[in-house]
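Okay, here's what each chain looks like letter by letter:
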Amino acid sequence: NTLTAMVELVFIVVIMNADLSVRRMMDVEMRKAVANGDFQLHYQPQINEAGKVVGAEALIRWRHAKMGNVPPAEFIPLAEETGLIIPIGNWVLRAACAQLAQWEAQPEAQHLTMAVNVSASQFRQPDFVQSVSEIVRLSGATPSKLKLELTESMFVDNIDATVAKMSALKAIGIIWSLDDFGTGYSSLSALNSFPLGQIKIDKTFVHGMLTNVPNMVVTEAIIELAGKLNLQVIAEGVETVEQLNSLREAGCLNYQGYLFSPPLDIDAFSKFLSPEPPR
Ligand code: C2E
Ligand code: CA
Ligand code: CA
Ligand code: CA
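Residues numbered from 1 in each chain as written. Chains lettered and ligands numbered in written order. Predicted model: local features only at pLDDT ≥ 70, side-chain atom pairs only at ≥ 80, totals over all residues. Heavy atoms only, no water.

As recorded by an unreviewed UniProt entry, the chain carries the name Cylclic diguanylate phosphodiesterase (EAL) and is attributed to Rhodopseudomonas palustris.

### Here's the deal with the overall build of the chain
The helix and strand inventory of the chain stands at twelve helices and nine strands. Its C-alpha atoms give the chain a radius of gyration of 19 Å, near enough to 19 Å, the size a compact globule of 279 residues would have. The dimensions of the chain, computed from C-alpha atoms along their principal axes, are 50 × 50 × 45 Å. Buried residues in the chain amount to 44% of all 279 residues. The long-range fraction of contacts in the chain, counting pairs at least 24 apart against all pairs at least 6 apart in sequence, stands at 66%. (Helix = DSSP H or I, 4+ residues; strand = E, 2+ residues; numbered from the N terminus. Rg over C-alpha atoms; globule rule 2.2 N^0.38 Å. Buried < 20%, exposed > 50% of the residue type's maximum accessible area, 1.4 Å probe, protein only. Contact = heavy atoms within 4.5 Å.)

### Quick look at the packing of aromatic side chains
Across all of its chains, the model carries ten aromatic pairs by this definition. On the numbers, 5.7 Å between centres and 65° between planes, the contact of tyrosine 43 with tryptophan 103 is edge-to-face. Here tyrosine 43, found in strand β1 (residues 39-48), pairs with tryptophan 103, found in helix α4 (residues 85-104); they are 60 residues apart in sequence, far enough to count as distant. Accessibility classification places tyrosine 43 together with tryptophan 103 in one group, the buried group. Ring centres 5.8 Å apart and planes at 80° place the aromatic pair phenylalanine 123 and tryptophan 176 in the edge-to-face group. Taken together, the positions of phenylalanine 123 in helix α5 (residues 120-124) and tryptophan 176 in strand β6 (residues 175-181) put the pair 53 residues apart, joining distant regions of the chain. By relative accessible area, which is 1% here, tryptophan 176 ends up buried. The ring centre of phenylalanine 123 lies 5.4 Å from the NZ or CZ of lysine 165, which sits over that ring. (Phe/Tyr/Trp six-rings, centres within 6.5 Å; stacked < 30°, edge-to-face > 60°. Lys NZ or Arg CZ within 6 Å of the ring centre and 35° of its normal.)

### Remarks on the coordination of the calcium ion (ligand 4)
Around the calcium ion (ligand 4), the protein contributes the donor atoms Asp180 (OD) and Asp180 (OD), at 2.5 to 3.0 Å from the metal centre. Separating the calcium ion (ligand 4) and the calcium ion (ligand 2) is a distance of 5.7 Å. By the element assignment, aspartate 180 lies in strand β6. (Donors = N, O, S within 2.8 Å, 3.2 Å for Na, K, Ca; no water.)

### Some words on the site of ligand 1
As a structural note, the neighbourhood of ligand 1 is formed by 19 residues, with Gln44, Arg61, Lys203, Glu239 and Tyr258 the closest of them. For ligand 1, a nitrogen atom lies 2.9 Å from a polar atom in the side chain of glutamine 44. Within the side chain of glutamate 57, an N or O atom sits 3.3 Å from an oxygen atom of ligand 1. Burial of ligand 1 by the surrounding chains reaches 82%, relative to a free accessible area of 800 Å². (Near = heavy atom within 4 Å. Polar contact = N/O pair within 3.5 Å; in protein donor to acceptor, adjacent residues only side chain to side chain. Areas by Shrake-Rupley, 256 points an atom, 1.4 Å probe, with all protein chains shown as cover.)

### Quick look at the coordination of the calcium ion (ligand 2)
The calcium ion (ligand 2) binds to the protein through Glu57 (OE), Asn117 (OD1), Glu149 (OE) and Asp179 (OD), with metal-donor distances spanning 2.1 to 2.3 Å. Within one chain, the residues donating to the calcium ion (ligand 2) are spaced in sequence as E-x59-N-x31-E-x29-D. Between the calcium ion (ligand 2) and the calcium ion (ligand 3), the interatomic distance is 4.0 Å, and aspartate 179 donates to each metal, bridging them. Placement of the pair is glutamate 57 in strand β2 (residues 53-64) and glutamate 149 in strand β5 (residues 146-150), with a sequence separation of 92 residues.

### With respect to helix α2 (residues 20-36)
Between the first and last C-alpha of α2 there are 24 Å, a value that for 17 residues agrees with the 24 Å anticipated at 1.5 Å per step. Those residues of α2 that fall on the buried side of the exposure criterion are Val22, Met26, Asp27, Glu29, Met30 and Ala33. (Expected span 1.5 Å × (residues − 1).)

### Considerations on the packing of α4 against helix α6 (residues 128-139)
Viewed as axis vectors pointing N to C, α4 and α6 meet at an angle of 30°, and their least axial separation amounts to 9 Å. Looking at the two axes, α4 sits roughly parallel to α6. Seen from above, α4 lies across α6 with right-handed handedness. Every residue of α6 that contacts α4 at Asn90, Leu93, Arg94, Cys97, Ala98 and Ala101 is listed here: Ser131, Val132, Ile135, Val136 and Ser139. Of the residues contributing to the contact of α4 with α6, the split by class is seven nonpolar, three polar and one charged. (Axes fitted to C-alpha atoms, helices over the stretch in contact; angles between N-to-C directions. Parallel < 35°, antiparallel > 145°, perpendicular 65-115°, else oblique. Left-handed = near helix turned anticlockwise from the far one by under 90°. Nonpolar A, V, L, I, M, F, W, Y, C, P; charged D, E, K, R; others polar.)

### Remarks on the nonpolar core
If you look at the biggest cluster of nonpolar residues, it comprises 75 residues, and the most contacted ones within it are Leu148 and Leu196. Residue contributions to this core peak at eight residues, all from α4. Apart from the residues within four sequence positions on either side, leucine 148 is in contact with Leu93, Val116, Val118, Phe128, Val132, Leu169, Ile174, Ile175, Trp176 and Ser177. (Core = buried A, V, L, I, M, F, W, Y, C linked by side-chain atoms within 4.5 Å.)

What follows is the structure in structure tokens.
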């Protein structure tokens, strides 16, 4: 009812303005969620120029008994600060790889790739390369179907160590995708310095493209440069046919966004992939 909904809303607003005690409470709740396995993955379809589903991005979901759905943008940053992102991130990778291995066993899903978000503090762990390789190996998934998404913030400190880690995982087949591309500053030089396979054009760019001419020109230039560097380009946050058309004209051939589908739980994703024929 409305009252419960309002109470929940107030609760969430309180969380957003988290003071120290709320943050402590959130930390306790997150620890419980890790222990109880309360997280879930949703999968957002990635679509190619022919309109075919070519992969998915795994996005974490947390449904708390009292707080309701807690958006990742609210708990991931806190988990990064407390270090809890390490067990959470490992769980995400294990769950995503297990799903990828399952897809590989289904004719209609064999071709799918899986993109997984990696946070900066996860990447910075000294045993990151080893733990990722181990998780992928144990899952039985094909490493070249796994894409790891990282952000430019990981490119600022210790470039040599970053390149070394990325190269080690690339060597076993894993593909690196640069998330939120266009929102940082080191963008263009980063394209060349790191062993990337894909860049993901940020949704703020996709949304601004049609109203903002310089934005459009920059997007076109980025797509062209990416092509010359042999990088795949995918646009996120595609919400309208107009956005889709101008991306296509600019040469971007892979898309993700509400125009096609929101992130879906695994049952809904399977239905999206192979809709039941009408009877
Ligand atoms: P992100 O990696 O940039 O993910 C894209 C976000 O955009 C997702 O929000 C997705 O639901 C949303 N989105 C998808 N299509 C559209 C669209 O057409 N329009 C708009 N406006 N938004 C769209 P979500 O799932 O709430 O995740 C937010 C952020 O939380 C992610 O941003 C990512 O940074 C982080 N995150 C989510 N799952 C994980 C995870 O498993 N591990 C880590 N480290 N971070 C995660
Ligand atoms: Ca992402
Ligand atoms: Ca993004
Ligand atoms: Ca982001």
